[in-house]
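Single-letter residue listing:
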Protein chains: 4
Amino acid sequence: MAYQKTEKVKKKIENKKESIIKVAKEVLANESYSAISIKSIAKKAGIATGTFYLYFSNKEKLVETIVDEMYAKLLDSIKKERAKHEQVIDKLQASMEATIRLFAKEQHLAKILLVQIPSFNHAFNRKLDEIEKELIKLTLADLKELTDQGMLPKQDIQISAMAFVGSFRQVMISWLREGEPKNIEEAYQTLIQYNLRGLGKS
Amino acid sequence: MAYQKTEKVKKKIENKKESIIKVAKEVLANESYSAISIKSIAKKAGIATGTFYLYFSNKEKLVETIVDEMYAKLLDSIKKERAKHEQVIDKLQASMEATIRLFAKEQHLAKILLVQIPSFNHAFNRKLDEIEKELIKLTLADLKELTDQGMLPKQDIQISAMAFVGSFRQVMISWLREGEPKNIEEAYQTLIQYNLRGLGKS
Amino acid sequence: MAYQKTEKVKKKIENKKESIIKVAKEVLANESYSAISIKSIAKKAGIATGTFYLYFSNKEKLVETIVDEMYAKLLDSIKKERAKHEQVIDKLQASMEATIRLFAKEQHLAKILLVQIPSFNHAFNRKLDEIEKELIKLTLADLKELTDQGMLPKQDIQISAMAFVGSFRQVMISWLREGEPKNIEEAYQTLIQYNLRGLGKS
Amino acid sequence: MAYQKTEKVKKKIENKKESIIKVAKEVLANESYSAISIKSIAKKAGIATGTFYLYFSNKEKLVETIVDEMYAKLLDSIKKERAKHEQVIDKLQASMEATIRLFAKEQHLAKILLVQIPSFNHAFNRKLDEIEKELIKLTLADLKELTDQGMLPKQDIQISAMAFVGSFRQVMISWLREGEPKNIEEAYQTLIQYNLRGLGKS
DNA sequence: TATGAATGAGCCTTCATTCAT
DNA sequence: GATGAATGAAGGCTCATTCAT
């Protein structure tokens, strides 16, 4: 009689939202932000334009949702990987390893985060900046601890942290855009070595 | 006499084109891409919208022209600085120093190249990628030579070159966007040290 | 038994229909037409949007129903008040008095009829026009009788009837919208006097 | 050479704005507000949708322009007619006569002001209310003066002014909507007589 | 009956580009 | 060359109505 919002229905709704997000991710990974019209996303998701607005209050909210989700995934990934280690230096490596692993596994995510979002409008860029800044902050904390432990020579660790993250970012982007290096996991070894040396790690 | 006139006219045209570019640069450095309408640029340049199209076939061409010009300026700057040195390692440093000096002196240029253009649409990003790739290529060449001279330990210099450039890029962007580090020239010293150590320079 | 059930069901339906109408009246009296969405009315009535269409074939029908109901109430009120009097002139006064009394007592109704509906689309206004025309017709009939009784000087009673109703309408609206006159019942006395004089009632 | 904004061009522009207004008036006089889409107006005016926005910043501005223009016209008409008379009572009559004459001559205007605008959105209704209130205020001023001159018996002239204006309004609307009375100028005589009697003018 | 997710036509508005003057 | 009015496709979003459950 009455319309019971059963588990099944709920799941279906969640699925639809997920399917919109999924389609949007695909579009985002390949087209520019301006190319993402609600109409086109709706079409690819097999729904009417109006239906989109049942799940997202507006276009911006959709991208925000996606970025937030990716950010959460990334931080979660890093946290888990770091937990496996005791030493700060290992934790630092773990952070980068987790990042690279995640991006390597989910290129969609990587492409959106590193390649596409930067070409979005200011609002999203600010969002992305936060993510980047967060990564640098995490790195900085590690560097600070290493410095306190006397494992790093005196240096401007603020700059070092940026350099550290920046070097990884550059390689990841090249890998995503040019497919070079071919094997990102191998490159990771070189990168770690480069940066540890750069830090003057003794 | 007829020839004279042509020269004069040519100069006049060149002047107007320059003035459009100048205005566009100012706008580009301060507004978001979506805010850059041909109408507004034309207005600021003191011409009619239609007139714009006498000098640029379309909006994209304008940005392309600007980026190309900046690119040329950057490469020129690097070339000149490198010429002052004999040793490859010094040339490598000179490249980075030239880049940072130029960006520090012309923040307009830096902001457009590092902050604004990346948030444009695909077409412009491709252009920007080329510049980034060129810088990496230049670096790579230096690393190769240093390797041949036995001054660097065995490593994947392709990756190292990216890491090298990426670390600089990251710091520059932070400087442009956050104003951190406050003194980019000082940061440069740290960066050079970081990267030379990272390369394992003996 | 089966019959009983039907009665009960019918009543239930009628109840729900009534509750929708009640909510709609409240909304109508306070919001602008564009603010009256079926979704919002349904929500306030505690039903689903789809359910609304079980009771009204469309949005227009709802307003029509409300207007009709109000119209009936108004006419009924007038009829009852008129029945109390013998003289035509008293009946005429009674009509206006009944109208004003009803509107004063049920401002909801007055606001919808005089303020809101006029700002709806054509369809509803036509409905409202009918009501206005009916009031004029009633007035006209009285004036005709008064003329036949020789109580009014020769005049175009068609026009007089309109003037009569129009003067009341104007004051009512001001009262509803501006709260001026403060006391509508007092104003009524002035209005009656004005119009009786206007008619040249001897 | 340069594009001279000659008088001719200016006039042409003004003409286009006028032609948009003219079309809009026609549409307004016959369709409901919601039926006025920019697209349809543009089409009827023989221009592209975008062109509309060269002359009006948005849809609302268009209607505002029209209403303001009509209001100005009406007040101007009244002022001119009043100026011809010395006695207040004549000025009062002149006001009404001017209004009726204008509406009779420009039925478009009358229909929009009396029939259509009331069914527009709140913003315009407020505008219209102002016009109505202004007319009442003008009437009130006359009544006050007449009272001071001892030409009117004691009465609530606030109410009388409303009744006065309301009676005219009602007749005008019937004339516009039903075509009844057939001859509005004749009806005017009846109306004036009715209202002067109503005021108790001695 | 009751539900509320789904629909999609249609709205207003913007802006790169064209073209008559 | 220069002008700027004109174009019209395309975008984001709303809401009365439908329909599978």
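Note that the coordinates shown come from a computational prediction; the quantities given were computed from them, not determined experimentally.

**Overview of the overall build of chain A**
1) Next: A tally of helices and strands in chain A yields nine helices and zero strands.
2) Next: Put simply, chain A runs from its N terminus to its C terminus through helices and strands in the order α-α-α-α-α-α-α-α-α.
3) Next: With the C-alpha coordinates of chain A rotated into their principal frame, the extents come out at 70 × 35 × 30 Å.
4) Next: The buried share of chain A, taken over its 202 residues, is 49%.
5) Next: Long-range contacts, defined here as pairs at least 24 residues apart, represent 66% of the contacts in chain A between residues at least 6 apart.
6) Next: Accessible area of chain A: about 10,200 Å², with a carbon and sulfur share of 51%.

**Details of the protein's contact with DNA strand E**
1) Next: By nearness alone, 34 residues border DNA strand E, and Lys 16, Thr 51 and Tyr 55 of chain A, Tyr 55 of chain C together with Lys 59 of chain D come closest of all.
2) Next: For DNA strand E, the fraction of atoms within 4 Å of the protein that belong to sugar or phosphate moieties is 64%.
3) Next: Ala 48 of chain A places a main-chain nitrogen or oxygen 2.9 Å from a phosphate oxygen of DNA strand E.
4) Next: Note that a base nitrogen of DNA strand E is positioned 3.4 Å from one of the backbone N or O atoms of Gly 50 of chain A.
5) Next: Listed by contribution, the elements that provide at least two residues to the surface near DNA strand E are helix 3 (49-55) of chain A, helix 3 (49-55) of chain B, helix 1 (2-30) and helix 3 (49-55) of chain C together with helix 3 (49-55) of chain D.
6) Next: When the residues that make up the surface near DNA strand E are grouped by side-chain class, the tally is 18 nonpolar, twelve polar and four charged.

**As for the pattern of salt bridges**
Residue and element names in this part refer to chain A.
1) Next: Following the criterion strictly, the structure yields 52 salt bridges over all chains and no others.
2) Next: As a salt-bridge pair, Lys 73 and Glu 106 come within 2.9 Å of each other at their nearest N and O atoms. Of the two residues, Lys 73 sits in helix 4 (residues 59-83) while Glu 106 sits in the loop between helix 5 (88-105) and helix 6 (107-116), which places them 33 residues apart along the sequence.
3) Next: Classification of Lys 73 as partly exposed rests on a relative accessible area of 32%.

**Some remarks on the interface of chain D and chain C**
Where the parts come together, the accessible area they lose is often given as the size of the interface.
1) Next: Of the residues lining the interface, 41 residues belong to chain D; the matching set on chain C comes to 40 residues.
2) Next: The largest per-residue losses of area from chain D upon contact with chain C belong to Gln 170, Tyr 194 and Arg 197 of chain D, which jointly make up 22% of the total buried on that side.
3) Next: Note that Lys 133 of chain D is salt-bridged to Glu 178 of chain C, the shortest N-O span being 3.4 Å.
4) Next: Where chain D packs against chain C, one counts nine residue pairs in polar contact (both at pLDDT 80 or more).
5) Next: Listing elements by their share of the side of chain D that touches chain C, those giving two or more residues are helix 7 (122-148), helix 8 (157-178) and helix 9 (184-199) of chain D.
6) Next: Top element by residues in the side of chain D that touches chain C is helix 8 of chain D. It accounts for 14 residues.
7) Next: In terms of residue class, the side of chain D that touches chain C is made up of 15 nonpolar, 16 polar and ten charged.

**Describing the layout of surface pockets**
1) Next: Space inside the largest pocket adds up to approximately 670 Å³.
2) Next: Lining the largest pocket are 38 residues, and of these Leu 114, Val 115, Pro 118, Arg 169 and Ile 173 of chain C sit closest to its centre.
3) Next: Where the lining of the largest pocket is concerned, the elements lending two or more residues are helix 1, helix 5 (88-105), helix 6 (107-116), helix 7 (122-148) and helix 8 (157-178) of chain C together with helix 6 (107-116), helix 7 and helix 8 of chain D.
4) Next: Partitioning the lining of the largest pocket into residue classes produces 21 nonpolar, seven polar and ten charged.
5) Next: Taken as a whole, the second largest pocket encloses approximately 560 Å³ of empty space.
6) Next: Asn 125 and Asp 129 of chain A together with Leu 114, Val 115 and Arg 177 of chain B are the residues nearest the centre of the second largest pocket, which is lined by 32 residues in total.
7) Next: Of all the secondary-structure elements, those providing two or more residues to the lining of the second largest pocket are helix 6, helix 7 (122-148) and helix 8 (157-178) of chain A together with helix 1 (2-30), helix 6 (107-116), helix 7 (122-148) and helix 8 (157-178) of chain B.
8) Next: In terms of residue count, helix 7 of chain A provides more of the lining of the second largest pocket than any other element does, eight residues in total.
9) Next: Split by residue class, the lining of the second largest pocket holds 13 nonpolar, six polar and 13 charged.

**Some thoughts on the UniProt feature "DNA-binding region" (unreviewed entry) in chain A**
1) Next: Mapped onto this numbering, the UniProt entry gives "DNA-binding region" (unreviewed entry) at residues 37-56 of chain A.
2) Next: Between the end C-alpha atoms of residues 37-56 of chain A the distance is 14 Å, and the span holds 70% helix and 0% strand.

**Overview of helix 4 (residues 59-83) of chain D**
All names here are of chain D.
1) Next: In this model, helix 4 (25 residues) spans 37 Å end to end at C-alpha, consistent with the 36 Å of a helix rising 1.5 Å per residue.
2) Next: Residues of helix 4 that are buried: Leu 62, Val 63, Ile 66, Val 67, Met 70, Leu 74, Ile 78, Glu 81 and Arg 82.
3) Next: One side-chain oxygen of the residue at the start of helix 4 lies 3.2 Å from the amide nitrogen of Glu 60, identifying that residue as Asn 58.

**Examining the relation of the copies chain D and chain C**
1) Next: After a rotation of 177 degrees and a shift along the axis of 0.1 Å, chain D superposes on chain C with an RMSD of 0.7 Å. In the structure described here, the two chain copies are related by an operation that fits a two-fold rotation axis.
2) Next: A share of 95% of the interface residues of chain D reappears at the interface of chain C, consistent with the copies meeting face to face through the same patch.

**Notes on the packing of aromatic side chains**
1) Next: Per the stated rule, a full pass over the model turns up 14 aromatic pairs over all chains.
2) Next: Seen in terms of ring centroids, Phe 52 of chain C and Tyr 53 of chain C are 5.1 Å apart; in terms of plane orientation they differ by 80 degrees. Their pairing is edge-to-face.
3) Next: Judged by its relative accessible area of 44%, Tyr 53 of chain C is partly exposed.
4) Next: Between Phe 164 of chain C and Phe 168 of chain C the ring centres are 5.4 Å apart and the planes differ by 25 degrees, which places this aromatic pair in the stacked class. With Phe 164 of chain C and Phe 168 of chain C both in helix 8, this residue pair falls four residues apart, about one helical turn.
5) Next: According to the relative accessible area criterion, Phe 168 of chain C is buried, its value standing at 4%.
6) Next: Here the aromatic cluster, defined as three or more aromatic residues joined through ring pairs, consists of Phe 52, Tyr 53 and Phe 56 of chain A.
7) Next: Positioned over the ring face of Phe 56 of chain A is Lys 17 of chain A, at 5.3 Å from the centre of the ring.

**Concerning the interface of chain A and chain B**
1) Next: Counting residues at the interface gives 41 residues for chain A and 39 residues for chain B.
2) Next: When the area that chain A buries against chain B is broken down by residue, the three leading residues are Gln 170, Tyr 194 and Arg 197 of chain A, summing to 22%.
3) Next: Applying the counting rule to chain A against chain B returns four salt bridges.
4) Next: For Arg 177 of chain B, the salt bridge is made with Asp 129 of chain A, and the minimal N-O distance between the two is 3.1 Å.
5) Next: Seen at the junction of chain A and chain B, the total is ten residue pairs in polar contact (both at pLDDT 80 or more).

**Some points on the relation of the copies chain A and chain B**
1) Next: Laying chain A over chain B is done by rotating through 177 degrees and shifting 0.0 Å along the axis; what remains is an RMSD of 0.6 Å.
2) Next: Taken as a fraction of all interface residues of chain A, those also at the interface in chain B reach 95%, which identifies the copy contact as same-surface.

**Considerations on the packing of helix 4 (residues 59-83) of chain C against helix 5 of chain C**
Residues and elements named next belong to chain C.
1) Next: Contact pair helix 4 / helix 5: the axes reach a minimum separation of 8 Å and the direction vectors enclose 135 degrees. Judged on the interaxial angle alone, helix 5 and helix 4 are oblique. The two elements helix 4 and helix 5 meet at a crossing, and its hand is right-handed. Taking contact as the criterion, the partners of Lys 73, Leu 74, Ser 77, Ile 78, Glu 81 and Arg 82 in helix 4 are, on helix 5, Lys 91, Leu 92, Ala 94, Ser 95, Ala 98, Thr 99, Leu 102 and Phe 103.
2) Next: Of the residues that constitute the contact of helix 4 with helix 5, the class distribution is seven nonpolar, three polar and four charged.

**Some details on the environment of Ser 202 of chain C**
All names here are of chain C.
1) Next: Within the secondary structure layout, Ser 202 lies in the segment after helix 9 (184-199).
2) Next: By relative accessible area, Ser 202 is classed as exposed at 66%.
3) Next: Linking Ser 202 and Gly 150, residues 52 residues apart in sequence, is a C-alpha distance of 9.1 Å.

**Observations concerning helix 5 (residues 88-105) of chain D**
1) Next: Taking 1.5 Å of rise per residue, 18 residues should cover 26 Å, and helix 5 of chain D covers 25 Å from first to last C-alpha, within 8% of that figure.
2) Next: Of the residues making up helix 5 of chain D, those classed as buried are Val 88, Ile 89, Leu 92, Ala 94, Ser 95, Met 96, Ala 98, Thr 99, Ile 100, Leu 102 and Phe 103 of chain D.

Here is what the cut-offs are and how they apply
Residues numbered from 1 in each chain as written. Chains lettered and ligands numbered in written order. Predicted model: local features only at pLDDT ≥ 70, side-chain atom pairs only at ≥ 80, totals over all residues. Heavy atoms only, no water. Helix = DSSP H or I, 4+ residues; strand = E, 2+ residues; numbered from the N terminus. Buried < 20%, exposed > 50% of the residue type's maximum accessible area, 1.4 Å probe, protein only. Contact = heavy atoms within 4.5 Å. Areas by Shrake-Rupley, 256 points an atom, 1.4 Å probe, with all protein chains shown as cover. Near = heavy atom within 4 Å. Polar contact = N/O pair within 3.5 Å; in protein donor to acceptor, adjacent residues only side chain to side chain. Nonpolar A, V, L, I, M, F, W, Y, C, P; charged D, E, K, R; others polar. Salt bridge = Lys/Arg side-chain N within 4 Å of Asp/Glu carboxyl O. Buried area = accessible area lost by both parts, 1.4 Å probe. 1 Å grid on protein atoms, 1.4 Å probe; cavity = no way out; pocket = protein on both sides within 12 Å on 5 of 7 lines; lining within 4 Å. Points joined across faces, edges and corners; volume = space filled by probe spheres on them. UniProt positions renumbered as here; feature names shortened; annotations may be inferred. Expected span 1.5 Å × (residues − 1). Least-squares fit on C-alpha atoms with pLDDT ≥ 70 in both. Phe/Tyr/Trp six-rings, centres within 6.5 Å; stacked < 30°, edge-to-face > 60°. Lys NZ or Arg CZ within 6 Å of the ring centre and 35° of its normal. Axes fitted to C-alpha atoms, helices over the stretch in contact; angles between N-to-C directions. Parallel < 35°, antiparallel > 145°, perpendicular 65-115°, else oblique. Left-handed = near helix turned anticlockwise from the far one by under 90°.

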